Amino acid sequence: MDANFEEKKKSNKLSKRITKFIVTIMVLIVMVILIGSSIASFILTTRVYKEKTMQVAEILAKKFNGADMMERIHDIVVTDEYQEIRSRAEAEDNDQLIRAYFVKQGDALMELVFVDLFNSLNKEVEALQQDMDVKFLYISIIEDGYSYDIFDPDEQYFAIGRKTELSKYFKDVKGNERIEPRTSWSEYGWLSTGGVPITDSEGKAVAVAFCDISMNKVLTDSLMFSLAVASVATGALVLTSLILKKMVQRRITAPIELLTDANDRFAKKNSGRYTKEDIIQLDINTGDEIEELYHATRFMQSSLIDYMDNLTRMTAEKERLGAELNVATQIQADMLPRIFPPFPERTDLDIYAYMTPAKEVGGDFYDFFLIDEKHLGLVMADVSGKGVPAALFMVIAKTLIKNRALNGELSPAVILSNVNDQLCEGNEAELFVTVWLAIIDLKTGKGKVANAGHEHPAIRRADGKYELSIYKHSMALATMEGLSFKEHEFQLYPGDSVFVYTDGVSEATDANNELFGTDRMLEALNIDPDASQEQILKNVKKSVDEFVGKADKFDDLTMLGFKYYGSKKNKGVITMSEKAKELDVDATDDMLETVINFVNDELEKAGADMKSTTQIDIAVEELFVNIAHYAYNPETGPAKVRVEVDDDPLAVSITFFDNGIPYDPLAKPDPDVTLDVSERQIGGLGIFMVKKSMDNVEYEYKDGQNILKITKKL
């Protein structure tokens, strides 16, 4: 654990996180209580004030119920004459004009009402305003969307008959009816207004007693109530939080911190190997999931120690097995011929083989061996299964086949029959092996072959293409005792090639489960069929690898290529006479270096100086390249280079032989080197340089051969 993690762990302690969680929850609860209590208080207080509004209106209405004067007053105040008198009285601030008007109408009772009743009501209104927080108390007549004030203790006479259009809050009121409390905003503030109808002696509603109560008190009372509730709730919740934190710490965080610290100590143990004594021992008896976690952790640590002990043992065992498998791999590889060319002294064959096991060791094997001076045995085989069992069976099968052949048996069928019976003995694993076995007479090219359930070989005739040789197989070895195997003869001519392989080539599979197949194999073989056997096998291997891609390789990959030269001289073969050495090569540019090295070796033995060696090398390069480019064009053919050294005087002669078209390079006239380069004829300069640098140059065409000889004194 790094320092950043340790710092982060300290800042994220469970106790801190739980404390933050509790505080957050408590704050949310207080906010919910505060909001809820405020809403409840507001609703409750509003309802109380609305009820109070109607109570006051009821009191006022009762003062006038049964009085018939309201209709009389209504009839007076709605007249235009009265409205003019009222307006003039208000303008002159002279309420005597209104009183005089009513006296003029001859209503003594009206005078009594306005003087005595209003005076008595004013006292009661003052008492109501003090006791019930009444803002306004008045009586109005509602008619045709207008209100006509009849009584207003604040204005008395001036208010009588005041005509006012109903506000938007009372547009639904049609007449002198009961008006349930409703709140409204006006120039007088935020009010709760309610009205109770006043009836005459016959019970007819003739006016409405209104009461307005200020709602500002509602907000004040609601806020005070909410603050009180919030204070109590906050105190209770703080106390509850402290108690809850102590309980959580004692029951949850403290045991978990103990468990965490103990696990950290266990994880950071630096003494090396863990033992049972390192398992944590804590006093955790919570009786809940935390105690279960503690016991589970102890069990996990015990299991981890056992696992680590087992892992240590298994790792050591795996390393031992790995080392043994490496040895087995090396032993198996050493059993197969791996040094190429295997018979460097022989000029009648070219052979190369390759194997890659799918696992550390495999069941495929190849073999080739000289039975005697002129007979060569070739083996390609594939044991069923993979890994160590197949490898052991492969060792036995390979040894039996080779030993039987080296004992002088030249019949592949007889060899396989004998080996089959031996492999069947004690084959409880029921393994079997497919085998292709051929024995070739290197003098004549004749051969015998037996195929025990193996893949069809590919044959290439000289200058042709590789093609499959398909024939009927025999059964695989070790399938049952007493089997006989079919054998057939074949003939190889100089330049013919044979390619044998296991199913790891033809059945190589890509990511789409598509097989490589024999068609792709033949295409790879024919990329460059004239190449060496090593290069041909590399071409096949490259094609298989590109086809398989990243898909897993599930089978061994084994190939063997054999080319028969017979009595025909091989590339770069040197023969010796009494006075000369000869080199037989193909007339190609690729062999130029071989020719130069051959000549230089003889010049070095003769003690040639650097100048002479350089001049001879230039002449040899010019003459051999001419043969390679023009003697057989566009085909290729053989060439021979002979080196002879004379002692008195010390001189070297180099003769070139080819079977190409007749061509005398000396017949062409020498170029005029005195001319400018742009004026000279193309060609001839190389032969001219050879003539000038050598002491003698001779040419003749004899017995179908071009023979060109150069001589240089040393």
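Residues numbered from 1 in each chain as written. Predicted model: local features only at pLDDT ≥ 70, side-chain atom pairs only at ≥ 80, totals over all residues. Heavy atoms only, no water.

(A) Spotlight on the overall build of the protein chain. A count of helical and extended segments in the protein chain gives 16 helices and 22 strands. A burial count over the protein chain gives 42% of its 714 residues as buried. In the protein chain, of all internal contacts separated by at least 6 residues, the share reaching a separation of at least 24 is 66%. Counting every atom, the protein chain has about 39,200 Å² of accessible surface; 54% of that belongs to carbon and sulfur. (Helix = DSSP H or I, 4+ residues; strand = E, 2+ residues; numbered from the N terminus. Buried < 20%, exposed > 50% of the residue type's maximum accessible area, 1.4 Å probe, protein only. Contact = heavy atoms within 4.5 Å. Areas by Shrake-Rupley, 256 points an atom, 1.4 Å probe, with all protein chains shown as cover.)

(B) Region of interest: the sheet that holds strand β15 (residues 497-501). The sheet built from five strands is open, its strands ordered β7-β16-β15-β12-β13 with antiparallel pairing. Two strands bound the open sheet, and with one partner strand each, they are β7 (349-356) and β13 (466-468). This sheet shows a mean twist of 15 degrees between the axes of neighbouring strands, independent of strand direction. Note: strand β12 (residues 458-460) against β15, three bridges, orientation antiparallel. Among the inter-strand pairings, I459 is bridged to a residue of β15, identified as V498. Here helix α12 (residues 517-525) sits on the sheet and contacts β12, β13 and β15; the angle it forms with β13, its principal contact strand, is near 160 degrees. (Pairing = 2+ DSSP bridges. Axes fitted to C-alpha atoms, helices over the stretch in contact; angles between N-to-C directions.)

(C) Fine view of the nonpolar core. Counting residues in each nonpolar core, the largest one holds 52 residues, and the members touching the most others are V433, V435, L560 and F562. A per-element tally of this core places strand β10 (residues 433-441) first, with seven residues. Setting aside residues no more than four positions away along its own chain, V433 makes contact with F365, A381, D382, V383, F393, A397, L423, A452, A476 and L477. Listed in part, the 37 residues of the second largest apolar core include V56, A61, F64 and I150. (Core = buried A, V, L, I, M, F, W, Y, C linked by side-chain atoms within 4.5 Å.)

(D) Layout of the pairing of strand β1 (residues 134-143). Along β1, seven of the ten residues are buried, which leaves the element largely enclosed by surrounding structure. In terms of strand pairing, β1 meets strand β6 (residues 205-214) through six bridges, oriented antiparallel. Paired with Y138 across the bridge in β6 is F210. Here β1 runs beside strand β2 (residues 146-151); their pairing, made up of five bridges, is antiparallel. Of the residues in β2, the one forming a bridge with I139 is F151. Hairpin connection of β1 to β2: two residues between the antiparallel strands, including D144 at a positive phi of 55 degrees.

(E) Representation of the sheet that holds strand β4 (residues 179-186). Spatially, β3-β2-β1-β6-β5-β4 is the arrangement adopted by the six strands of the open sheet, whose pairing is antiparallel. Strands with a single pairing partner mark the edges of an open sheet, and in this sheet they are β3 (163-165) and β4. Ignoring strand direction, the axes of neighbouring strands in this sheet form an average angle of 35 degrees. Where strand β5 (residues 189-199) lies against β6, nine bridges are found, and the strand directions are antiparallel. Bridge pairing in β6 places V196 opposite A209. Relative to β1, helix α3 (residues 69-77) is tilted by about 75 degrees, and along the sheet it contacts β1, β2 and β6.

(F) Representation of helix α13 (residues 533-548) in the model. In this model α13 runs 23 Å from its N-terminal to its C-terminal C-alpha over 16 residues, within 8% of the 22 Å that 1.5 Å per residue would give. Buried within α13 we find Q533, I536, L537, N539, V540, K541, S543, V544, F547 and V548. In this structure, the buried residues of α13 make contact with β7, β13, β15, α11 (503-506), α12 and β16 (557-564). G549 occupies a position one or two residues after α13 and carries a positive phi of about 65 degrees. (Expected span 1.5 Å × (residues − 1).)

(G) Just unusual backbone geometry, in detail. Cis rather than trans, the peptide bond between F340 and P341 has omega equal to -5 degrees. Relative to the elements of secondary structure, P341 occurs in the loop between α8 (289-335) and β7. Residue P634 is reached from N633 by a cis peptide bond, and omega for that bond is 5 degrees. Residue placement: P634 occurs in the loop between α15 (610-631) and β19 (638-647). The phi angle at E430 is positive, at roughly 55 degrees, despite the residue not being glycine. Examined against the element boundaries, E430 turns out to sit in the loop between α10 (412-424) and β10. Judged by its relative accessible area of 67%, E430 is exposed.

(H) Inspection of the packing of aromatic side chains at higher detail. Counted by the stated rule, this structure contains nine aromatic pairs. When the centroid spacing of 5.7 Å and the interplanar angle of 50 degrees are considered together, the rings of Y82 and Y101 count as tilted. Here Y82 is found in helix α4 (residues 80-92), whereas its partner Y101 is found in helix α5 (residues 96-104), with 19 residues between them in sequence. Judged by relative accessible area, which is 0%, Y82 ranks as buried. Look at F343 and F368: their rings are 6.3 Å apart centre to centre, the planes differ by 80 degrees, and that puts the pair in the edge-to-face class. Taken together, the residues span a long stretch of sequence, with F343 in the loop between α8 and β7 and F368 in strand β8 (residues 364-370) at a distance of 25 residues. Taking relative accessible area as the criterion, F368 reaches 5% and is therefore assigned buried. Feature note: the residues F340, F343, Y352, Y366 and F368 constitute an aromatic cluster, connected by ring pairs. Here the basic side chain of K163 rests over the ring of Y146, its NZ or CZ set 4.5 Å away from the ring centre. (Phe/Tyr/Trp six-rings, centres within 6.5 Å; stacked < 30°, edge-to-face > 60°. Lys NZ or Arg CZ within 6 Å of the ring centre and 35° of its normal.)

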